[in-house]
Amino acid sequence: MRPLLPPPNETELERATRIQEENVAAAKSREIDLQIKTDKLEAQKKGGPVRILLLGQRGSGQSTILKSLQFRFAPNAFKEDSFAWRTVIHLNLVSTVNFVLDLLPPTSRAQPRDGGGRSSRSRVDLDSRSTDEIKRLRTRLHPLREVETILSKRLTTGKFPSRGPLSTTLGSDQPSFKSVDIVRSGSRWKALSKLYGPGGQDQMNEMRQIIAACCPDIVSLWENETVRSVISDREEFQEHTTTFSLNNALRICQMGYEPIVDDILRTHLTTLGVEEHHLTLEGGQTEQRNQEWIIYDVGGSRTQRAAWVPYFDNVTIVIFVVPLSAFNQVLDEDTSMNRLLDSFQLWKTTCSSKILAGVTFILVLNKWDLLAKKIEAGIQFKDFVTSYKDKPNDARSVSQYVRRKFVEFHKKLSPVNRPLFSHVMCATDSQDISFILIYIREILLKAHLGETKLM
Ligand SMILES: Nc1nc2c(ncn2[C@@H]2O[C@H](COP(=O)(O)OP(=O)(O)OP(=O)(O)O)[C@@H](O)[C@H]2O)c(=O)[nH]1
Ligand SMILES: [Mg+2]
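My aim in this report is to walk through the structure given alongside it, one point at a time. On a predicted model such as this, the values are computed, not experimentally measured, just so you know. (Residues numbered from 1 in each chain as written. Chains lettered and ligands numbered in written order. Predicted model: local features only at pLDDT ≥ 70, side-chain atom pairs only at ≥ 80, totals over all residues. Heavy atoms only, no water.)

Looking at the overall build of the protein chain
Then step 1. Helix and strand content of the protein chain: 15 helices and 8 strands.
Then step 2. Across the 455 residues in the protein chain, those meeting the buried criterion constitute 51%.
Then step 3. Residue pairs at least 24 apart in sequence account for 75% of intrachain contacts in the protein chain once pairs closer than 6 positions are excluded.
Then step 4. Only carbon and sulfur atoms are counted for the fraction: they give 52% of the accessible area of the protein chain, which is about 22200 Å². (Helix = DSSP H or I, 4+ residues; strand = E, 2+ residues; numbered from the N terminus. Buried < 20%, exposed > 50% of the residue type's maximum accessible area, 1.4 Å probe, protein only. Contact = heavy atoms within 4.5 Å. Areas by Shrake-Rupley, 256 points an atom, 1.4 Å probe, with all protein chains shown as cover.)

Pasting the structure below:
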């Protein structure tokens, strides 16, 4: 809080009294802060849960990190949930197929009624053979429109999800992939997809049969030359689940399909609000086995960020996720804002928060694989981050540069001197996540030994 201005015409005695009172008040406030932090650490020493807050902008990979943690450290619980993901993965696949069909050039003067409005069509010209093939695929895959509607309703208690683009690329004049991105993460949708309701089981079986019957045409669509040329310059097909689900269509469409960990990690469900997840460590070192973690996963879009604050009070560790590959993208909610710059600003606010002063940060520089792909494709980092100047345009140098900037801000803006843990990673690689366990063990150990400087 900013100190009040001294009253005008203050005497020497009044000034001395005021300063003494201010010092007493400040000491009292520090004492209260210290007590709160000591209580938190005491609770942990007694085996209380470790509370972890996952923060970051939309699509940075927070929920993927949560899923990776669940898979690595609570594999049995993760397995129990895997069937709930099947519906979401199917929905992801069919909405991608429908999206691709919408992108294709017209095959007759009259546009198919269900295709309009979702995206702008390609300007690719078709010869008569390709036209016939596209027509055929459109007709044969038509049932997937209905499947998309029904699966969406199933996962949202009958309320059809509103849709929004996942990301927008700077300089792109076309709308982005409208993904299946509004279904809530957390336990609510999982319960919905497990409890099918009256007639639900039969309907879901029917949906799976339709998907299985469409499998050969989905594969033909994905292998089609026209499709390949239409999507070749579209950002959505380099990132997100898009290509993954189509590449794996043959497996995902089988009637007996059971999701594997990769399928689950690559599925995006936008988190709404703050979701609380309990994770009991099934493996790990002896002292960590059965340790309970409470992980808060937040929705990262700007409109959701106000909902984070009440959780600041209650956590020991913040895992802040930065999508390294977003350097050439803008926010969906503000297309004038570069996503990496938004991450920097969010980081600055988070680091300087006094409520989070006693919290240790783990900085995760995520989506390393996608950064490397973009750089390999010849995209120049300096074109989007001018301060990078003439440094080498390779993924390692870029990620080191970004990491250094984040570390500098943490040092400069933290209200107290505190450690920072950071890691460059790929959250979809479930092996990569082990470092978090190591960091958390170190953070707790330091706290227990009283080595963490709290004030
Ligand atoms: N290739 C790749 N994809 C990733 C990585 N991390 C996350 N993704 C994908 O990025 C998409 C978005 O990830 P989420 O974890 O759902 O994003 P989020 O940060 O939770 O976003 P909101 O909940 O919308 O705020 C998903 O399709 C993930 O599979 C990564 O390191 N590499
Ligand atoms: Mg999320």
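Points about the sheet that holds strand β4 (residues 292-298)
Then step 1. An order of β3-β4-β1-β5-β7-β8 is seen for the 6 strands of this open sheet, with the pairing classed as mixed. Taken across any chain shown, the strands that pair with only one partner, and hence form the sheet edges, are β3 (274-280) and β8 (420-424). Recorded for the sheet is a direction-independent mean angle of 20° between the axes of neighbouring strands.
Then step 2. Strand direction decides the pairing type here: β3 and β4, joined by 7 bridges, are antiparallel. Residue pairing in the sheet places E276 in a bridge with Y296 of β4.
Then step 3. Sheet contacts for helix α12 (residues 339-352): β1 (50-56), β5 (317-323), β7 (360-366) and β8; angle to β5, the most-contacted strand, approximately 165°. (Pairing = 2+ DSSP bridges. Axes fitted to C-alpha atoms, helices over the stretch in contact; angles between N-to-C directions.)

Focus on the nonpolar core
Then step 1. Counting 40 residues, the largest nonpolar core has V97, L141, L144, I218 and L221 as its most contacted members.
Then step 2. Looking at this core, the elements with two or more residues in it are α3 (75-103), α4 (128-140), α5 (143-155), α7 (200-223), α8 (225-231) and α10 (249-252).
Then step 3. Of all hydrophobic cores here, the second largest spans 35 residues; its members include F312, F327, L340 and L371. (Core = buried A, V, L, I, M, F, W, Y, C linked by side-chain atoms within 4.5 Å.)

Structural notes on the pairing of β5
Then step 1. Among the 7 residues that make up β5, 7 are buried, leaving the element largely enclosed by the rest of the structure.
Then step 2. Covered by surrounding structure in β5 are I317, I319, V321 and P323 together with V318, F320 and V322, the residues of both alternating faces.
Then step 3. Bridge analysis of β1 against β5 gives 5 bridges, and the strand direction is parallel. Residue L55 lies in a different strand from β5, and its bridge partner there is F320.
Then step 4. Bridging between β5 and β7 involves 7 bridges; their strand directions are parallel. Each residue of the ladder has a partner; that of V318, found in β7, is F361.

Re the packing of aromatic side chains
Then step 1. What the rule picks out here adds up to 15 aromatic pairs.
Then step 2. Centroid distance F421 to Y439: 5.0 Å. Interplanar angle 45°. Geometry classified as tilted. Here Y439 lies in helix α15 (residues 434-448) and F421 lies in strand β8, a separation of 18 residues in the sequence. Taken individually, F421 and Y439 each receive the classification buried, so the pair is uniform in this respect.
Then step 3. The rings of F320, F344, W347, F361, F406 and F409 are connected pair by pair, giving a single aromatic cluster.
Then step 4. The lysine or arginine in question, R228, covers the ring of W222, its NZ or CZ lying 4.2 Å from the ring centre.
Then step 5. The ring centre of Y388 lies 5.6 Å from the NZ or CZ of K391, which sits over that ring. (Phe/Tyr/Trp six-rings, centres within 6.5 Å; stacked < 30°, edge-to-face > 60°. Lys NZ or Arg CZ within 6 Å of the ring centre and 35° of its normal.)

Here we look at the coordination of the magnesium ion (ligand 2)
Then step 1. On the protein side, the magnesium ion (ligand 2) has S63 (OG) and T271 (OG1) as donor atoms, found 2.0 to 2.1 Å from it. Residue S63 is found in helix α2 (residues 62-73), and its partner T271 is found in the loop between α11 (261-265) and β3; the two are separated by 208 residues along the sequence. Comparing S63 with T271, the two get one shared label, buried. (Donors = N, O, S within 2.8 Å, 3.2 Å for Na, K, Ca; no water.)

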